[in-house]
Amino acid sequence: MKNLTQFNLNDLVSKKEYVLIIGAKSDVAMAVARKYAKEGFNLYLASRNSDTLEEFASDLKLRYECHAQCLELDILDYSSHQFFYDQLKEEVIGVISAVGYLGDQKISEKEFMEASKLIDTNFTGIVSLFNIIALDFEQRKSGFICGISSVAGDRGRKKNYIYGAAKAALSTYLSGLRNRLFSSGVHVITVKPGFIATKMTEGLDLPKRLTGTPEQVASDIYNAQKKLTNVVYTIWIWRWIMLIIRNIPEWQFKKMNI
Amino acid sequence: MSNTKSWGNYPKVNAKTVIISETHRLKSFIKKEEEIIAYGNGRSYGDSAINDTIVCIKPKNYFLNFDDDLGLLHIQAGALLTEILEFSVPRGWFLKVTPGTKLITVGGAIASDVHGKNHHIEGCFSECVAMLNLLLPSGEIVSCSKTENIELFRATCGGMGLTGIILDAKIYLKKIESRFIKQKTIKTKNLKETFEAFEKYKNKPYSVAWIDCLAKNDKMGRSLLMVGDFTNDGRLDFIPKKKVNVPFFFPSFILNTLSVKIFNTFYYMKVKDGITEKLVDFETFFYPLDSINNWNRIYGRNGFIQYQFILPKRNSYEGLEEILKSIASSGKGSFLSVLKLYGKENGNFLSFPIEGYSLALDFKIEKGLFELLNKLDEIVVNRGGRIYLAKDARVAKDTFEKGYPKIEIFRNIRKKYKMNEKFNSIQSKRLGI
Ligand SMILES: Cc1cc2nc3c(=O)[nH]c(=O)nc-3n(C[C@H](O)[C@H](O)[C@H](O)COP(=O)(O)OP(=O)(O)OC[C@H]3O[C@@H](n4cnc5c(N)ncnc54)[C@H](O)[C@@H]3O)c2cc1C
Ligand SMILES: NC(=O)c1ccc[n+]([C@@H]2O[C@H](COP(=O)([O-])OP(=O)(O)OC[C@H]3O[C@@H](n4cnc5c(N)ncnc54)[C@H](OP(=O)(O)O)[C@@H]3O)[C@@H](O)[C@H]2O)c1
């Protein structure tokens, strides 16, 4: 009896569809993984040094009776991306990238290496990978692509404009991709978080009312995918904050300290 | 630095909060820091999880293994009980012991050795702990259970985070065949009837009473005793309920003697006389307050104290009479007053329950409150009772010591492992633990 139910269970699990998550060790990605596993998907979890992710993957398998496979991926190793995507045994119905690098603005002003790492991690690498996935989804005429950008890309500020510029480029890229893939039925989601309480922001004194949790971002992404939303600000209030910030005239903005 | 407080919003402390989930990072962190305390989900009411440096364990929440023949779950200490229930209820398993909220961590459940409505039958949370892994000040990780490193196990269960950091534990679950509970409510007219009802229903697996602590004279001690057990109708699906939120702190004048009195009377009156029966889901039965986010804000910004004490059975009746009189005549009182008959004491050094009656009441912080509570402390201690550390933010050292005669054993263990140099809370310093 037990073996029979076990067998049925395996059968059920292998029928679940796969979602690919990039930058899987980030707190946001982990929350996204839990959300999708809970909603009934199997997962590919890609990150650098994926061995430390194994414990997390077995947590997912146990809690949600899904497959969760860890894979190696360096977003800066462009030439490996095609192979990475081709090796996935099962077709994925969507990809979500949480890859990002906050870096150090001050250093990036003096050392181009840092600026270049910021640009390549937040933008170039994602373009390299998403281009490959977009081609496949376009041919299959289905799928969704979700990139985590940032409100920092909505306007350049002296505090973090290299990071911001890379995120702005990512937002523009995603917007173009959305436009291109619309006719193929592929949906593209741009996520623009304000503040999220994660490892990236640990130690920073973030304003409580404006700071979301990784879980909120995860459910915003899931809902955006279900409802075909294009651009999500998370938490929602940032849409209005950024509307105001974008509309401050440049002659005024350049004098400001925000 | 951030403003840190526990569920009672008192005291508030500007603390450095560090969030760590990986064991190797925890190890190097405790070596680096002078003095720390583990923080679970901050559902303790007082100052037991608070100090200048706090390590938040909640993200350490992986499920490690589940043996569904034994119902044995191996889980990391930061996991919330609600996460366990989401996993286990649809599979036909429930917590053997659960407190009145499911929003606490496994670490917090062990450290306070929490109890629930079935204490008189199942005992404290430690009864279902098959083993736990503890990180000591030396950086060593020891596995403790009722058969291995027994002394550390007895000290850690109920030890309020003062023996080290609980990393993970294996806990036994119990089989259920429904998520519904057949609940019986018995309305009693006074304290004597309440006690008789507790005795009469002491074989029921779950029991607890809501008591009207402002009722006086011949109505003193009137209660609604709720008893129940799981049914077996096979309905096991579990979708956590939608919550309402208390969006801001209520101005503190809203809760006053009059409004509480009106609430209590209304709450008591709306239940029919005698015995009523209905079927309720386990969330309604065990966790009524979890459906309201931030309910602690109704007590206002200054916060509140939950005062919970227990008296040995032989002294319970007179003691409660005396205490209820003092409360009713002070006019300070709350609508969340809970009375319960407990079962036998366990062998842990600082666990709260002893065989007898326990009363828990919420008081908003206001002038004259601490004087009243000091007076109640005296009655409690004189009758051989004690105060629950998980709720406490104010008790005096000698009151605490009189209530917990095994404190010296606990202190010696702390010294032996140098725990007293590393793990401290504001509470442990206040009480010289
Ligand atoms: C609405 C409500 C109802 C409640 N009902 C009950 C009840 O019926 N019965 C009952 O017994 N209690 C009850 N409580 C109290 C609550 O169960 C305890 O205070 C519990 O310890 C809180 O757990 P937490 O995870 O929030 O831990 P915290 O409040 O963050 O910490 C509590 C203690 O546990 C220690 N701790 C936490 N995690 C660890 C760890 N990993 N390692 C070592 N120490 C650790 C802390 O240092 C601290 O001493 C209730 C609380 C609320 C808010
Ligand atoms: N936290 C915020 O307030 C905030 C606000 C706005 C936007 N965001 C964006 O939200 C996303 C998630 O952020 P987070 O807060 O969770 O931060 P995070 O933990 O730093 O996440 C960034 C992730 O990117 C990965 N990564 C970096 N370089 C990589 C590379 N070369 N190849 C592969 N992966 C690489 C990191 O992997 P490792 O774990 O291996 O380092 C990490 O998992 C990021 O895109 C971030 O820019 C965050």
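What counts as what
Residues numbered from 1 in each chain as written. Chains lettered and ligands numbered in written order. Predicted model: local features only at pLDDT ≥ 70, side-chain atom pairs only at ≥ 80, totals over all residues. Heavy atoms only, no water. Near = heavy atom within 4 Å. Polar contact = N/O pair within 3.5 Å; in protein donor to acceptor, adjacent residues only side chain to side chain. Areas by Shrake-Rupley, 256 points an atom, 1.4 Å probe, with all protein chains shown as cover. Helix = DSSP H or I, 4+ residues; strand = E, 2+ residues; numbered from the N terminus. Nonpolar A, V, L, I, M, F, W, Y, C, P; charged D, E, K, R; others polar. Phe/Tyr/Trp six-rings, centres within 6.5 Å; stacked < 30°, edge-to-face > 60°. Buried < 20%, exposed > 50% of the residue type's maximum accessible area, 1.4 Å probe, protein only. Lys NZ or Arg CZ within 6 Å of the ring centre and 35° of its normal. Core = buried A, V, L, I, M, F, W, Y, C linked by side-chain atoms within 4.5 Å. Contact = heavy atoms within 4.5 Å. Buried area = accessible area lost by both parts, 1.4 Å probe. Salt bridge = Lys/Arg side-chain N within 4 Å of Asp/Glu carboxyl O. UniProt positions renumbered as here; feature names shortened; annotations may be inferred. Pairing = 2+ DSSP bridges. Expected span 1.5 Å × (residues − 1). Axes fitted to C-alpha atoms, helices over the stretch in contact; angles between N-to-C directions. Left-handed = near helix turned anticlockwise from the far one by under 90°.

Draft legend 1. Representation of the site of ligand 2 in the model. Residues and elements named next belong to chain A. Taken together, 26 residues form the shell around ligand 2, and within it R48, I75, Y163, I196 and T198 come nearest. A distance of 2.9 Å separates a nitrogen atom of ligand 2 from a polar atom in the backbone of I75. One of the side-chain N or O atoms of T198 is found 2.5 Å from an oxygen atom in ligand 2. If ligand 2 stood free it would expose 880 Å²; the protein chains cover 89% of that surface. At the level of elements, α2 (27-38), α7 (161-181) and β7 (195-196) are the ones that each hand at least two residues to the shell around ligand 2. By residue class, the composition of the shell around ligand 2 is 12 nonpolar, nine polar and five charged.

Draft legend 2. Spotlight on the packing of aromatic side chains. For the coordinates displayed, the defined rule picks out 36 aromatic pairs over all chains. Pairing F63 of chain B with F87 of chain B gives two aromatic rings, centres 5.2 Å apart and planes at 65°, and the pair type is edge-to-face. Taken as a pair, F63 of chain B in strand β5 (residues 63-67) and F87 of chain B in helix α2 (residues 81-88) lie far apart in primary sequence, 24 residues in all. Across the pair, exposure class does not vary: F63 of chain B and F87 of chain B are buried alike. These aromatic residues form a ring-pair network of at least three members: F94, Y206, F230, F238, F282, F285, F286 and Y287 of chain B. Lying over the aromatic face of F253 of chain A, R155 of chain A brings its terminal NZ or CZ to 3.9 Å of the ring centre.

Draft legend 3. The arrangement of the site of ligand 1 in detail. Residue and element names in this part refer to chain B. The environment of ligand 1 is formed by 34 residues, the closest being A38, G40, R43, S44 and T105. Contact between ligand 1 and N41: an oxygen atom at 3.1 Å from a main-chain N or O atom of the residue. A distance of 3.0 Å separates an oxygen atom of ligand 1 from a polar backbone atom of G100. The fraction of the free accessible surface of ligand 1 (960 Å²) that becomes covered by protein chains is 95%. Split into classes, the residues belonging to the shell around ligand 1 amount to 18 nonpolar, 14 polar and two charged.

Draft legend 4. Spatial organisation of the side chain of H120 of chain B. Residues and elements named next belong to chain B. By the element assignment, H120 lies in helix α4 (residues 119-122). At 2.7 Å, the side chain of H120 and the backbone oxygen of K204 are in polar contact. Of note is the side chain of H120, whose polar atom sits 3.1 Å from the side chain of K340.

Draft legend 5. Examining the nonpolar core more closely. Membership of the largest hydrophobic core comes to 135 residues, with the highest contact counts inside it found for F94, F125, L132, I165 and F282 of chain B. Not counting the four nearest positions on each side in its chain, F94 of chain B is found in contact with L85, S88, V89, L173, K174, I176, F230, F282, F286 and Y287 of chain B. Counting 37 residues, the second largest nonpolar core, distinct from the first, contains I21, A33, F144 and A224 of chain A.

Draft legend 6. Main features of the side chain of S149 of chain A. Within the element layout of this structure, S149 of chain A appears in the loop between β5 (144-148) and α7. Apart from the residues within four sequence positions on either side, S149 of chain A is in contact with K167, L170, S171, T190, V191, K192 and P193 of chain A.

Draft legend 7. A look at the interface of chain B and chain A. Listed per partner, the contact involves 17 residues of chain B and 12 residues of chain A. Sorting the residues of chain B by area buried against chain A places Y62, F63 and R91 of chain B first, and these three jointly supply 42% of that buried surface. Where chain B touches chain A, the interface holds three salt bridges. Across the chain B-chain A interface, the total number found is six residue pairs in polar contact (both at pLDDT 80 or more).

Draft legend 8. The arrangement of the UniProt feature "domain: FAD-binding PCMH-type" (unreviewed entry) in chain B in detail. The feature "domain: FAD-binding PCMH-type" (unreviewed entry), as annotated in UniProt, sits at residues 7-176 of chain B in this numbering. Strand forms 29% of residues 7-176 of chain B and helix 21%; the C-alpha atoms that close the span are 31 Å apart.

Draft legend 9. Quick peek at the pairing of strand β8 (residues 129-135) of chain B. For β8 of chain B, a buried count of six out of seven residues is recorded, marking the element as mostly surrounded by other parts of the structure. In this antiparallel pair of consecutive strands, β8 of chain B and strand β9 (residues 141-144) of chain B, the connection spans five residues, and G139 of chain B shows a positive phi of 95°.

Draft legend 10. Focus on the environment of G432 of chain B. Residue and element names in this part refer to chain B. You can see G432 is positioned in the segment after α14 (426-430). For the pair G432 and A155, spaced 277 residues apart in sequence, the C-alpha separation works out to 16 Å. Those residues within four positions of G432 in sequence are excluded, and the remaining contacts are K397 and R411.

Draft legend 11. Summary view of α7 of chain A. All names here are of chain A. In this model α7 runs 29 Å from its N-terminal to its C-terminal C-alpha over 21 residues, within 8% of the 30 Å that 1.5 Å per residue would give. Listed in full, the buried residues belonging to α7 are I162, Y163, G164, A166, K167, L170, S171, Y173, L174, L177, R178 and L181. Check the buried side of α7 and you find it contacts α5 (105-110), α6 (112-140), β5, β6 (187-193) and β9 (231-234).

Draft legend 12. Here's a closer look at unusual backbone geometry. With an omega of 5°, the peptide bond between T234 of chain A and I235 of chain A qualifies as cis. Relative to the assigned elements, I235 of chain A resides in the loop between β9 and α9 (237-246). Here the residue pair Y10 of chain B and P11 of chain B is connected by a cis peptide bond, since its omega of -10° sits within 30 degrees of zero. With respect to the element layout, P11 of chain B can be found in the loop between β1 (2-4) and β2 (13-19). Not every positive phi belongs to a glycine, and L228 of chain A is a case in point at roughly 55°. Note that L228 of chain A resides in the loop between α8 (214-227) and β9. Within the chain, N217 of chain B stands out as a residue other than glycine whose phi angle is a positive 50°. Mapped onto the elements, N217 of chain B comes out in the loop between β12 (206-211) and β13 (223-230).

Draft legend 13. Looking closely at the pattern of salt bridges. Under the defined criterion, the tally for this structure stands at 39 salt bridges over all chains. Residues D233 of chain B and R235 of chain B are paired through a salt bridge, measuring 3.1 Å at the closest nitrogen-oxygen approach. Given the relative accessible area of 38%, R235 of chain B is considered partly exposed. Ionic pairing is found between R411 of chain B and E401 of chain B, a salt bridge with its closest N-O pair at 2.6 Å. In this pair, R411 of chain B sits in helix α12 (residues 407-416) while E401 of chain B sits in helix α11 (residues 397-403), placing the two residues 10 residues apart along the sequence. We classify E401 of chain B as partly exposed; its relative accessible area is 27%. Members of the salt-bridge network, linked through shared partners, are R34, D59 and R63 of chain A together with E83 of chain B.

Draft legend 14. Representation of the packing of helix α6 (residues 191-200) of chain B against helix α9 (residues 313-330) of chain B within the structure. Residue and element names in this part refer to chain B. At a closest axis distance of 11 Å, the pairing of α6 and α9 adopts a crossing angle of 145°. Here the hand of the crossing between α6 and α9 comes out right-handed. Residue-level contacts link L191, K192, F195 and E199 of α6 to K313, S316, Y317, L320, E321 and L324 of α9. Taken together, the residues of the contact of α6 with α9 break down into five nonpolar, one polar and four charged.

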